[in-house]
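Here are the chains, one letter per residue:
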Amino acid sequence: MDALLHRLLLVLVCLIALPSCVSSVDKLNMCMDGKHQISEPTAEGALYQQCSPWKDKACCTANTTEEAHQDNSYLYNFNWNHCGVMSQKCKKHFIQDTCFYECSPHLGPWIQPASESWRKERILDVPLCLEDCESWYEDCKNDYTCKENWHKGWDWSTGMNRCPVDSQCRIWTEVFASPRDMCEKIWSNSYKYTKHSKTSGLCMQMWFDGPNPNLKVAEYYLNGDAETVAIATGLHLSALLVTLLL
């Protein structure tokens, strides 16, 4: 009984201390340990086209952003045109997605360890603004793809992604039933669909004009109550309780 009370007390202390412990780490200005990100955010005045919003503070280089705009770039040898030529309005969102992933310095609350050979960290459940998911889906609805999860399961025998032999190209809306389906499934839950608007301060914007609005959003998720912080950092309170009580 004494041991159980001790563990319950430990849980209580952890929950009280969680916000300050998490926010004491500088997760507001950090870069992922990935294939192309630099070690620390810095000013990059020459970022290319759709990556230019991050020029004042970025985790990417100008070369990376230029390659992000290519159909078959050296970044990941990923071919957007795996089911015919992707429309320009759809491709625009994938370029913005690449810029967001490679360049964003304020993704710290959602960075998690990764076991892939090409990166040691990834993002998980980044809350995207409603407008970003909805417009992405709308602009791609007439395009085609053969997979709902683009992170894995491709045929890489030629050195570039091709549709698996047991798959077929289908129109976007058959593969992804809704904007939520697309945003959450396409990159293995890197993104989380929300109903928050860009003016809410509760969601991350994939593209923007002017100062980066995502810093305030990251601050909110890091400095909220224990449950908010736990969700933002991928630390589920139920799992914590079970671990400590066992």
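Quantities reported herein were computed from a predicted structural model and do not represent experimental measurements.

What counts and what doesn't
- Residues numbered from 1 in each chain as written.
- Predicted model: local features only at pLDDT ≥ 70, side-chain atom pairs only at ≥ 80, totals over all residues.
- Heavy atoms only, no water.
- Helix = DSSP H or I, 4+ residues; strand = E, 2+ residues; numbered from the N terminus.
- Buried < 20%, exposed > 50% of the residue type's maximum accessible area, 1.4 Å probe, protein only.
- Contact = heavy atoms within 4.5 Å.
- Areas by Shrake-Rupley, 256 points an atom, 1.4 Å probe, with all protein chains shown as cover.
- Core = buried A, V, L, I, M, F, W, Y, C linked by side-chain atoms within 4.5 Å.
- Disulfide = S-S within 2.5 Å.
- Salt bridge = Lys/Arg side-chain N within 4 Å of Asp/Glu carboxyl O.

Let's talk about the overall build of the protein
A count of helices and strands for the protein gives nine helices and six strands. Split into buried and exposed, the 246 residues of the protein put 46% on the buried side. A separation threshold of at least 6 residues defines the contact pool for the protein, and within that pool the share at least 24 residues apart is 65%. Carbon and sulfur atoms make up 54% of the accessible area of the protein, which totals about 12500 Å².

With respect to the nonpolar core
In terms of nonpolar packing, the biggest core is built from 47 residues, with F94, W136, W150, W172, W187 and Y191 touching the most fellow members. When contributions to this core are tallied by element, the ones reaching two or more residues are α3 (88–103), β3 (126–128), α4 (130–140), α5 (172–175), α6 (179–185), β6 (191–193) and α7 (214–223). No other element matches the seven residues that α3 contributes to this core. Filtering out sequence-adjacent residues up to four positions away, W187 remains in contact with F78, W80, F94, D97, R122, W136, W150 and H151.

Digging into the state of the cysteines
Applying the stated criterion to the full structure yields seven disulfides. Linked covalently through their sulfurs, C31 and C59 form a disulfide whose S-S length is 2.1 Å. Where C31 bonds to C59 through sulfur, the torsion about that S-S bond is close to -85 degrees, and the disulfide is left-handed. One end of the pair, C31, is in the loop between α1 (2–24) and α2 (62–67); the other, C59, is in the loop between α1 and α2, with 28 residues separating them in the sequence. Accessibility assignment for this pair places C31 and C59 in one class, buried.

A word on the environment of P105
Locating P105 in the fold gives a position in the loop between α3 and β1 (111–113). Those residues within four positions of P105 in sequence are excluded, and the remaining contacts are L28, N29, M30, P41, W54, K57, C59 and N212.

What to know about the pattern of salt bridges
Close approach of charged atoms lets side chains of opposite charge pair. Under the defined criterion, the tally for this structure stands at six salt bridges. Residues R180 and E184 are paired through a salt bridge, measuring 3.6 Å at the closest nitrogen-oxygen approach. Here E184 and R180 lie together in helix α6, a separation of four residues that amounts to about one turn. Judged by its relative accessible area of 38%, R180 falls in the partly exposed class. Within the structure, one salt-bridge network assembled from shared partners comprises E148, D181 and K185.

Re the environment of P109
Tracing the chain through its elements places P109 in the loop between α3 and β1. What makes P109 buried here is its relative accessible area of 0%. With 14 residues separating them along the chain, P109 and I123 place their C-alpha atoms 8.7 Å apart.

Purely geometric numbers; function is a separate question.
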